[in-house]
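So the chains spell out like this:
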Amino acid sequence: MAPQHHSPLSCLKDIGIIDASCFISCDALHEEFAIIKKTAKDLFLATHPDKGGDPAAFRVAHAAFQVLKSLYNNHRVLNGSYANYFANDKGDGTADGGSDDLDDLYSH
């Protein structure tokens, strides 16, 4: 199955990070990613079908985390900070600047 393409901003929101406030104390990208991993892990545990959670919500969270992890692993986070996606929020779930269409990310 081909990956669905979501903006990094919508992926952050899909795992429960609704604004950049959780990144304020971060001095480096790896610290931001640690917050993303912790937030995603908590959501995975809450939505996992084997734990009585919603399978659809689990799939959405997992897909969103995979996009965010790929950006991190491929050094493709907008200006080196996930917080920048909120700074450039156009209010419709996308962000100006950087690639919101992740086709190029998945083509590598």
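Bear in mind the structure is a predicted one, so any value in this text is a computation, not a measurement.

(A) How the structure looks around the pattern of salt bridges. Taken as a whole and assessed by the stated rule, the structure comprises one salt bridge. For the salt bridge of Asp42 with Lys38, the shortest nitrogen-to-oxygen distance reads 2.8 Å. Of this pair, Asp42 and Lys38 are both found in helix α2 (residues 29-47), four residues apart, which corresponds to roughly one turn of the helix. Asp42 sits in the partly exposed class, given a relative accessible area of 36%. Classification of Lys38 by relative accessible area gives partly exposed; the value is 49%.

(B) How the structure looks around the nonpolar core. Leu12, Phe23, Ile36, Tyr82 and Tyr85 are the most contacted members of the largest nonpolar core, which totals 23 residues. For this core, the secondary-structure elements that each account for two or more residues are α1 (8-14), α2, α3 (55-73) and α4 (83-87). Per-element accounting of this core gives the leading share, seven residues, to α3. Non-local contacts of Phe23, meaning those with residues more than four positions away in its chain, are made with Leu12, Ile17, Glu32, Ile35, Ile36, Tyr82, Ala83 and Phe86.

The rules behind these values
Residues numbered from 1 in each chain as written. Predicted model: local features only at pLDDT ≥ 70, side-chain atom pairs only at ≥ 80, totals over all residues. Heavy atoms only, no water. Salt bridge = Lys/Arg side-chain N within 4 Å of Asp/Glu carboxyl O. Helix = DSSP H or I, 4+ residues; strand = E, 2+ residues; numbered from the N terminus. Buried < 20%, exposed > 50% of the residue type's maximum accessible area, 1.4 Å probe, protein only. Core = buried A, V, L, I, M, F, W, Y, C linked by side-chain atoms within 4.5 Å. Contact = heavy atoms within 4.5 Å.

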